[in-house]
Amino acid sequence: MEKILTLDNIKDAAQASYEECKNISGGKNANYIPYLANVDSNLFGLSVALLDGTCFNFGDTDFKFGIESVSKVPTAILAMIQHTPEGVLQKIGADATGLPFNSIFALLLENDHPSTPLVNAGAISACSMVAPQGDSSDKWKAITENITELCGSAPVLLDELYESETATNFNNHAIAWLLKNYDRIYDDVDMSLDLYTRQCSLGITSSQLAIMGATIANKGLNPVTKKQVYNPEISPKITSMIASVGFYQHTGDWLYTSGIPAKTGVGGGVMGVMPGLFGIAAFAPPLDDAGNSVKAQAVIKAFMNKLGLGIFSGDTVKIKI
(Lines give C-alpha, C1' and ligand atoms only; values in the text may rest on other atoms or scores of the structure.)
Protein backbone atom coordinates (compact mmCIF):
# COMPACT_ATOMS: atom_id res chain seq x y z
CA MET A 1 0.00 0.00 0.00
CA GLU A 2 1.32 3.44 -0.94
CA LYS A 3 2.18 5.75 1.97
CA ILE A 4 1.42 9.47 1.62
CA LEU A 5 3.52 11.87 3.68
CA THR A 6 2.77 15.55 4.09
CA LEU A 7 5.18 18.39 4.83
CA ASP A 8 3.71 18.56 8.32
CA ASN A 9 4.41 14.81 8.85
CA ILE A 10 8.05 15.33 7.92
CA LYS A 11 8.53 18.56 9.89
CA ASP A 12 6.86 17.07 12.99
CA ALA A 13 9.00 13.91 12.79
CA ALA A 14 12.17 15.98 12.43
CA GLN A 15 11.31 18.27 15.33
CA ALA A 16 10.28 15.40 17.60
CA SER A 17 13.48 13.50 16.77
CA TYR A 18 15.60 16.56 17.48
CA GLU A 19 13.92 17.11 20.86
CA GLU A 20 14.30 13.44 21.80
CA CYS A 21 17.99 13.31 20.94
CA LYS A 22 19.33 16.71 21.99
CA ASN A 23 20.27 15.53 25.48
CA ILE A 24 21.94 12.28 24.42
CA SER A 25 25.45 11.93 25.84
CA GLY A 26 28.31 9.61 25.03
CA GLY A 27 31.24 9.58 22.64
CA LYS A 28 34.01 12.15 22.42
CA ASN A 29 35.39 14.61 19.91
CA ALA A 30 38.09 13.39 17.52
CA ASN A 31 41.22 14.04 19.58
CA TYR A 32 43.87 13.08 17.03
CA ILE A 33 43.15 16.33 15.15
CA PRO A 34 43.66 19.19 17.65
CA TYR A 35 41.17 21.56 16.00
CA LEU A 36 38.33 19.03 16.21
CA ALA A 37 39.12 18.22 19.83
CA ASN A 38 38.35 21.84 20.74
CA VAL A 39 34.97 22.18 18.99
CA ASP A 40 32.08 22.69 21.44
CA SER A 41 30.78 19.17 22.10
CA ASN A 42 27.28 20.49 22.90
CA LEU A 43 26.59 21.72 19.36
CA PHE A 44 23.77 19.83 17.64
CA GLY A 45 21.81 20.45 14.47
CA LEU A 46 19.36 18.60 12.22
CA SER A 47 18.38 19.60 8.67
CA VAL A 48 16.01 18.04 6.14
CA ALA A 49 15.78 19.20 2.51
CA LEU A 50 12.92 18.06 0.29
CA LEU A 51 12.97 17.82 -3.49
CA ASP A 52 10.72 20.86 -3.93
CA GLY A 53 13.27 23.04 -2.10
CA THR A 54 11.52 23.02 1.27
CA CYS A 55 14.05 22.87 4.13
CA PHE A 56 13.53 22.21 7.83
CA ASN A 57 16.29 23.17 10.29
CA PHE A 58 16.55 22.59 14.03
CA GLY A 59 19.36 23.60 16.37
CA ASP A 60 22.87 24.64 15.33
CA THR A 61 22.33 24.26 11.58
CA ASP A 62 24.31 27.39 10.62
CA PHE A 63 27.49 26.35 12.45
CA LYS A 64 30.32 25.62 10.00
CA PHE A 65 32.01 22.40 11.09
CA GLY A 66 34.73 20.39 9.40
CA ILE A 67 33.20 18.41 6.51
CA GLU A 68 35.98 15.79 6.83
CA SER A 69 35.10 12.46 5.17
CA VAL A 70 31.70 13.61 3.93
CA SER A 71 33.80 15.50 1.35
CA LYS A 72 34.60 12.14 -0.24
CA VAL A 73 31.08 12.04 -1.67
CA PRO A 74 31.20 15.23 -3.79
CA THR A 75 34.72 14.50 -5.02
CA ALA A 76 33.66 10.98 -6.04
CA ILE A 77 30.80 12.63 -7.95
CA LEU A 78 33.25 15.05 -9.59
CA ALA A 79 35.48 12.14 -10.65
CA MET A 80 32.40 10.47 -12.18
CA ILE A 81 31.45 13.69 -13.98
CA GLN A 82 34.93 14.03 -15.46
CA HIS A 83 35.79 10.35 -16.04
CA THR A 84 32.37 8.60 -16.09
CA PRO A 85 31.17 6.15 -13.43
CA GLU A 86 32.84 3.31 -15.32
CA GLY A 87 36.14 5.21 -15.28
CA VAL A 88 35.97 5.58 -11.49
CA LEU A 89 35.15 1.88 -11.15
CA GLN A 90 38.19 0.94 -13.21
CA LYS A 91 40.66 3.38 -11.65
CA ILE A 92 39.49 3.15 -8.00
CA GLY A 93 36.71 0.61 -7.45
CA ALA A 94 33.37 0.45 -5.61
CA ASP A 95 33.93 -2.23 -2.99
CA ALA A 96 33.54 -1.89 0.78
CA THR A 97 36.65 -2.78 2.78
CA GLY A 98 34.90 -3.76 6.02
CA LEU A 99 37.79 -2.00 7.77
CA PRO A 100 38.33 1.49 9.28
CA PHE A 101 38.34 4.47 6.91
CA ASN A 102 42.08 5.05 7.22
CA SER A 103 43.19 1.42 7.04
CA ILE A 104 46.56 0.77 5.43
CA PHE A 105 45.94 -2.96 5.80
CA ALA A 106 42.92 -2.68 3.47
CA LEU A 107 45.13 -1.21 0.77
CA LEU A 108 47.73 -3.94 1.23
CA LEU A 109 45.05 -6.60 0.92
CA GLU A 110 43.60 -5.12 -2.27
CA ASN A 111 46.66 -3.76 -4.01
CA ASP A 112 44.99 -3.98 -7.39
CA HIS A 113 42.73 -1.02 -6.49
CA PRO A 114 41.96 1.30 -3.52
CA SER A 115 38.48 -0.29 -3.07
CA THR A 116 36.22 2.79 -3.05
CA PRO A 117 36.48 6.60 -3.24
CA LEU A 118 34.67 6.80 0.10
CA VAL A 119 37.65 5.63 2.20
CA ASN A 120 40.88 7.59 2.56
CA ALA A 121 42.89 5.66 -0.03
CA GLY A 122 40.23 5.93 -2.71
CA ALA A 123 39.52 9.57 -1.87
CA ILE A 124 43.19 10.51 -2.31
CA SER A 125 43.15 8.63 -5.61
CA ALA A 126 39.96 10.49 -6.63
CA CYS A 127 41.64 13.83 -5.89
CA SER A 128 44.50 12.77 -8.15
CA MET A 129 41.99 12.06 -10.95
CA VAL A 130 40.41 15.52 -10.85
CA ALA A 131 41.15 17.56 -13.97
CA PRO A 132 43.14 19.47 -14.98
CA GLN A 133 46.20 17.36 -14.28
CA GLY A 134 49.22 18.98 -12.70
CA ASP A 135 47.50 22.22 -11.66
CA SER A 136 46.71 22.40 -7.95
CA SER A 137 44.84 25.71 -8.03
CA ASP A 138 42.55 24.71 -10.90
CA LYS A 139 41.92 21.28 -9.38
CA TRP A 140 41.01 22.95 -6.08
CA LYS A 141 38.68 25.32 -7.93
CA ALA A 142 36.95 22.34 -9.57
CA ILE A 143 36.54 20.57 -6.20
CA THR A 144 35.09 23.59 -4.38
CA GLU A 145 32.85 24.71 -7.25
CA ASN A 146 31.39 21.20 -7.44
CA ILE A 147 30.58 21.25 -3.71
CA THR A 148 29.06 24.71 -4.10
CA GLU A 149 26.78 23.51 -6.89
CA LEU A 150 25.71 20.44 -4.91
CA CYS A 151 24.94 22.50 -1.79
CA GLY A 152 23.64 25.61 -3.53
CA SER A 153 26.10 27.74 -1.53
CA ALA A 154 29.84 27.79 -0.99
CA PRO A 155 31.81 26.08 1.80
CA VAL A 156 34.68 27.92 3.48
CA LEU A 157 38.20 26.67 4.14
CA LEU A 158 38.83 26.45 7.90
CA ASP A 159 42.48 27.48 7.92
CA GLU A 160 43.12 26.34 11.48
CA LEU A 161 41.65 22.91 10.72
CA TYR A 162 43.71 22.67 7.51
CA GLU A 163 46.91 23.44 9.43
CA SER A 164 45.94 20.94 12.13
CA GLU A 165 45.18 18.23 9.56
CA THR A 166 48.39 18.88 7.62
CA ALA A 167 50.49 18.60 10.78
CA THR A 168 48.99 15.22 11.76
CA ASN A 169 48.25 13.32 8.52
CA PHE A 170 51.15 10.87 8.75
CA ASN A 171 48.93 7.85 8.11
CA ASN A 172 47.61 9.42 4.92
CA HIS A 173 51.18 10.07 3.73
CA ALA A 174 51.79 6.33 3.95
CA ILE A 175 48.56 5.59 2.07
CA ALA A 176 49.39 8.09 -0.68
CA TRP A 177 52.80 6.56 -1.35
CA LEU A 178 51.39 3.04 -1.32
CA LEU A 179 48.92 4.21 -3.96
CA LYS A 180 51.86 5.48 -5.99
CA ASN A 181 53.56 2.11 -5.58
CA TYR A 182 50.46 0.38 -6.97
CA ASP A 183 50.02 2.89 -9.84
CA ARG A 184 46.71 4.04 -8.38
CA ILE A 185 47.63 7.71 -7.98
CA TYR A 186 47.14 9.65 -11.19
CA ASP A 187 48.90 12.95 -10.51
CA ASP A 188 51.62 14.29 -8.22
CA VAL A 189 51.49 12.42 -4.91
CA ASP A 190 52.04 15.34 -2.55
CA MET A 191 49.62 17.57 -4.45
CA SER A 192 46.91 14.90 -4.40
CA LEU A 193 47.33 14.39 -0.65
CA ASP A 194 47.24 18.14 -0.04
CA LEU A 195 44.03 18.48 -2.06
CA TYR A 196 42.45 15.69 -0.04
CA THR A 197 43.56 17.29 3.24
CA ARG A 198 42.21 20.68 2.14
CA GLN A 199 38.83 19.32 1.07
CA CYS A 200 38.45 17.61 4.46
CA SER A 201 39.15 21.00 6.09
CA LEU A 202 36.24 22.80 4.46
CA GLY A 203 33.64 24.30 6.77
CA ILE A 204 30.07 23.25 6.01
CA THR A 205 26.69 23.45 7.74
CA SER A 206 24.14 20.73 8.24
CA SER A 207 21.75 22.81 6.14
CA GLN A 208 24.20 22.75 3.22
CA LEU A 209 24.79 19.02 3.57
CA ALA A 210 21.05 18.31 3.59
CA ILE A 211 20.72 20.17 0.29
CA MET A 212 23.65 18.16 -1.11
CA GLY A 213 21.88 14.98 -0.03
CA ALA A 214 18.67 16.21 -1.66
CA THR A 215 20.52 16.97 -4.89
CA ILE A 216 21.74 13.37 -4.96
CA ALA A 217 18.26 12.12 -4.08
CA ASN A 218 16.90 14.30 -6.93
CA LYS A 219 19.14 12.73 -9.62
CA GLY A 220 21.58 15.62 -9.67
CA LEU A 221 19.04 18.45 -9.80
CA ASN A 222 19.64 20.87 -6.93
CA PRO A 223 16.16 21.44 -5.43
CA VAL A 224 17.03 24.94 -4.20
CA THR A 225 18.93 26.43 -7.17
CA LYS A 226 17.10 24.26 -9.75
CA LYS A 227 20.43 23.61 -11.49
CA GLN A 228 21.18 20.19 -12.98
CA VAL A 229 24.60 19.58 -11.43
CA TYR A 230 25.37 16.23 -13.07
CA ASN A 231 23.99 13.51 -15.31
CA PRO A 232 21.15 11.63 -13.54
CA GLU A 233 22.90 8.27 -14.12
CA ILE A 234 25.46 9.20 -11.46
CA SER A 235 22.96 9.31 -8.57
CA PRO A 236 22.34 5.56 -8.23
CA LYS A 237 26.10 4.94 -8.51
CA ILE A 238 27.10 7.31 -5.72
CA THR A 239 24.12 6.28 -3.58
CA SER A 240 25.15 2.62 -3.85
CA MET A 241 28.64 3.57 -2.68
CA ILE A 242 27.24 5.50 0.26
CA ALA A 243 24.96 2.57 1.16
CA SER A 244 27.83 0.07 1.10
CA VAL A 245 30.56 1.96 2.95
CA GLY A 246 29.17 5.23 4.37
CA PHE A 247 29.65 4.11 7.98
CA TYR A 248 32.78 2.04 7.31
CA GLN A 249 32.87 -1.14 9.43
CA HIS A 250 29.48 -0.25 10.96
CA THR A 251 27.70 0.27 7.64
CA GLY A 252 25.64 -2.91 7.72
CA ASP A 253 24.30 -2.20 11.20
CA TRP A 254 23.56 1.39 10.21
CA LEU A 255 21.60 0.54 7.06
CA TYR A 256 19.75 -2.28 8.81
CA THR A 257 18.57 -0.08 11.67
CA SER A 258 18.12 3.30 9.93
CA GLY A 259 17.13 2.34 6.40
CA ILE A 260 18.96 5.27 4.79
CA PRO A 261 22.32 5.42 2.97
CA ALA A 262 24.43 7.97 4.83
CA LYS A 263 28.01 9.24 4.84
CA THR A 264 29.75 10.16 8.05
CA GLY A 265 32.74 12.35 8.93
CA VAL A 266 34.89 12.75 12.03
CA GLY A 267 33.93 16.43 12.19
CA GLY A 268 30.60 15.19 13.56
CA GLY A 269 28.53 15.44 10.41
CA VAL A 270 26.33 12.76 8.84
CA MET A 271 24.63 13.23 5.44
CA GLY A 272 21.81 10.91 4.34
CA VAL A 273 20.23 10.34 0.92
CA MET A 274 16.68 9.04 0.53
CA PRO A 275 16.31 8.61 -3.26
CA GLY A 276 13.30 10.38 -4.70
CA LEU A 277 12.29 11.89 -1.35
CA PHE A 278 14.83 14.01 0.55
CA GLY A 279 18.31 14.68 1.85
CA ILE A 280 19.03 14.84 5.58
CA ALA A 281 22.02 15.92 7.63
CA ALA A 282 22.85 16.13 11.31
CA PHE A 283 25.85 17.43 13.24
CA ALA A 284 27.20 16.79 16.74
CA PRO A 285 30.96 16.50 17.48
CA PRO A 286 31.20 13.53 19.94
CA LEU A 287 32.00 10.30 18.05
CA ASP A 288 31.73 6.56 18.67
CA ASP A 289 34.66 4.14 18.36
CA ALA A 290 34.35 4.02 14.55
CA GLY A 291 34.48 7.82 14.16
CA ASN A 292 30.73 8.37 13.67
CA SER A 293 28.73 11.04 15.51
CA VAL A 294 26.74 9.46 18.34
CA LYS A 295 23.96 12.07 18.39
CA ALA A 296 23.75 12.60 14.61
CA GLN A 297 23.27 8.87 14.10
CA ALA A 298 20.57 8.74 16.77
CA VAL A 299 18.54 11.66 15.41
CA ILE A 300 18.56 10.46 11.78
CA LYS A 301 17.63 6.96 12.87
CA ALA A 302 14.80 8.32 15.03
CA PHE A 303 13.51 10.43 12.15
CA MET A 304 13.52 7.51 9.70
CA ASN A 305 11.84 5.17 12.18
CA LYS A 306 9.12 7.71 13.03
CA LEU A 307 8.22 7.95 9.34
CA GLY A 308 8.59 4.21 8.79
CA LEU A 309 10.89 4.79 5.81
CA GLY A 310 13.78 2.86 4.32
CA ILE A 311 15.64 2.77 1.04
CA PHE A 312 14.02 -0.50 0.10
CA SER A 313 10.54 0.89 0.65
CA GLY A 314 10.97 4.40 -0.74
CA ASP A 315 9.21 3.48 -3.97
CA THR A 316 5.99 2.99 -1.99
CA VAL A 317 6.09 6.50 -0.51
CA LYS A 318 4.99 9.85 -1.91
CA ILE A 319 5.28 13.31 -0.36
CA LYS A 320 2.18 15.44 -0.75
CA ILE A 321 3.31 19.03 -1.29
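Just so it is clear, the structure is predicted and the values come from calculations on it, not from any experiment. (Residues numbered from 1 in each chain as written. Predicted model: local features only at pLDDT ≥ 70, side-chain atom pairs only at ≥ 80, totals over all residues. Heavy atoms only, no water.)

Novice: Looking at this structure, how should I read the packing of helix α1 (residues 7-21) against helix α13 (residues 294-307)?
Specialist: The angle between the axes and the distance between the axes are what describe a pair of packed helices. Packing of α1 against α13 brings their axes to within 9 Å, and their N-to-C directions diverge by 140°. If you check the angle between α1 and α13, you find them oblique. For α1 against α13, the interelement crossing comes out right-handed. Between α1 and α13, the residues in contact are Asn-9, Ile-10, Ala-13, Ala-14, Ala-16, Ser-17, Tyr-18, Glu-20 and Cys-21 and Lys-295, Ala-298, Val-299, Ala-302, Phe-303, Lys-306 and Leu-307, respectively. Residue classes in the contact of α1 with α13 are distributed as 11 nonpolar, two polar and three charged. (Axes fitted to C-alpha atoms, helices over the stretch in contact; angles between N-to-C directions. Helix = DSSP H or I, 4+ residues; strand = E, 2+ residues; numbered from the N terminus. Parallel < 35°, antiparallel > 145°, perpendicular 65-115°, else oblique. Left-handed = near helix turned anticlockwise from the far one by under 90°. Contact = heavy atoms within 4.5 Å. Nonpolar A, V, L, I, M, F, W, Y, C, P; charged D, E, K, R; others polar.)

Novice: Where do I start with the packing of aromatic side chains in this structure?
Specialist: Within a pair of aromatic rings, the relevant descriptors are the distance that separates the centres and the angle that separates the planes. In this structure the tally under the stated criterion is six aromatic pairs. Between Phe-63 and Phe-283, the aromatic rings sit 5.6 Å apart at their centres with planes inclined by 10°, giving stacked as the arrangement. Here Phe-63 is found in the loop between β3 (55-59) and β4 (65-66), whereas its partner Phe-283 is found in strand β9 (residues 278-283), with 220 residues between them in sequence. On the basis of relative accessible area, Phe-283 is assigned to the buried category, the value being 0%. With 4.1 Å between their ring centres and 0° between their planes, Phe-65 and Phe-283 make a pair best called stacked. Of this pair, Phe-65 sits in strand β4 while Phe-283 is found in strand β9, placing the two residues 218 residues apart along the sequence. By the ring-pair criterion, three or more aromatic residues cluster together here, those being Tyr-18, Phe-44 and Phe-58. The side chain of Lys-91 reaches across the aromatic face of Tyr-186, ending 4.6 Å from its centre. Against the face of Phe-44 rests Lys-295, its NZ or CZ located 5.1 Å from the ring centre. (Phe/Tyr/Trp six-rings, centres within 6.5 Å; stacked < 30°, edge-to-face > 60°. Buried < 20%, exposed > 50% of the residue type's maximum accessible area, 1.4 Å probe, protein only. Lys NZ or Arg CZ within 6 Å of the ring centre and 35° of its normal.)

Novice: How should unusual backbone geometry be read in this particular structure?
Specialist: With the exception of glycine, the majority of residues adopt a negative phi angle, and the majority of peptide bonds are in the trans configuration. Geometrically, the link from Ala-131 to Pro-132 is a cis peptide bond, its omega value of 5° lying close to zero. Looking at the element boundaries, Pro-132 is found in the loop between α5 (120-129) and α6 (136-151). One non-glycine residue, Thr-84, adopts positive backbone phi at about 75°. Along the chain, Thr-84 turns up in helix α3 (residues 72-91). Located in the positive-phi region is Lys-219, a residue other than glycine, with phi close to 60°. Of the residues examined, Lys-219 reaches a relative accessible area of 54% and is grouped as exposed.

Novice: Please clarify how the side chain of Glu-68 should be interpreted in this entry.
Specialist: Residue position: Glu-68 is located in the loop between β4 and α3. For the buried Glu-68, which has no salt bridge, the nearest side chain bearing the opposite charge is Lys-72, at an N-O separation of 8.1 Å. Setting aside its immediate chain neighbours within four residues, Glu-68 contacts Ile-33, Leu-36, Leu-161, Glu-165, Cys-200, Gly-265, Val-266 and Gly-267. (Lys, Arg positive; Asp, Glu negative; His and termini not counted. Salt bridge = Lys/Arg side-chain N within 4 Å of Asp/Glu carboxyl O.)

Novice: Looking at this model, I keep getting lost on a nonpolar patch on the surface. Mind explaining?
Specialist: A cluster of nonpolar residues, Phe-105, Leu-108 and Leu-109, forms a patch on the protein surface that exposes about 320 Å² of accessible area. Position of Leu-109 among the secondary structure elements: in helix α4 (residues 104-109). Classification of Leu-109 as exposed rests on a relative accessible area of 56%. (Patch = residues over 30% accessible without salt bridge, like charges linked within 9 Å, V, L, I, M, F, W, Y side chains within 5 Å. Areas by Shrake-Rupley, 256 points an atom, 1.4 Å probe, with all protein chains shown as cover.)

Novice: Explanation requested: empty space enclosed by the protein in the structure shown.
Specialist: Gaps left between atoms are located by rolling a probe of water-molecule size over the structure's atoms. Under the counting rule described, the total for this entry stands at two cavities of 30 Å³ or more. Here the largest cavity defines a volume of roughly 70 Å³. Along the walls of the largest cavity sit 10 residues, with Thr-97, Ser-103, Ala-106, Val-119 and Ala-121 positioned nearest its centre. Of the residues contributing to the lining of the largest cavity, the split by class is seven nonpolar, three polar and no charged. Taken as a whole, the second largest cavity encloses approximately 30 Å³ of empty space. Surrounding the second largest cavity, Asn-29, Ala-30, Leu-36, Val-39, Val-266, Gly-267 and Pro-285 form its lining. Looking at the lining of the second largest cavity residue by residue, the class counts come to five nonpolar, two polar and no charged. (1 Å grid on protein atoms, 1.4 Å probe; cavity = no way out; pocket = protein on both sides within 12 Å on 5 of 7 lines; lining within 4 Å. Points joined across faces, edges and corners; volume = space filled by probe spheres on them.)

Novice: Sorry if this is basic, but what is going on with the sheet that holds strand β5 (residues 156-157) here?
Specialist: Strand pairing within a sheet occurs via backbone hydrogen bonds; the two strands may be parallel or antiparallel. Judged by pairing direction, the sheet is antiparallel, and its three strands sit side by side in the order β4-β6-β5 without closing on themselves. Across the chains shown, the open sheet's two edge strands, defined by having one partner strand only, are β4 and β5. Sheet analysis places β5 next to strand β6 (residues 202-204), joined by two bridges and oriented antiparallel. Within β6, the position partnered with Val-156 by the bridge is Gly-203. Across the sheet, α6 lies against β5 and β6, angled at about 5° from β6, the strand it touches most. (Pairing = 2+ DSSP bridges.)

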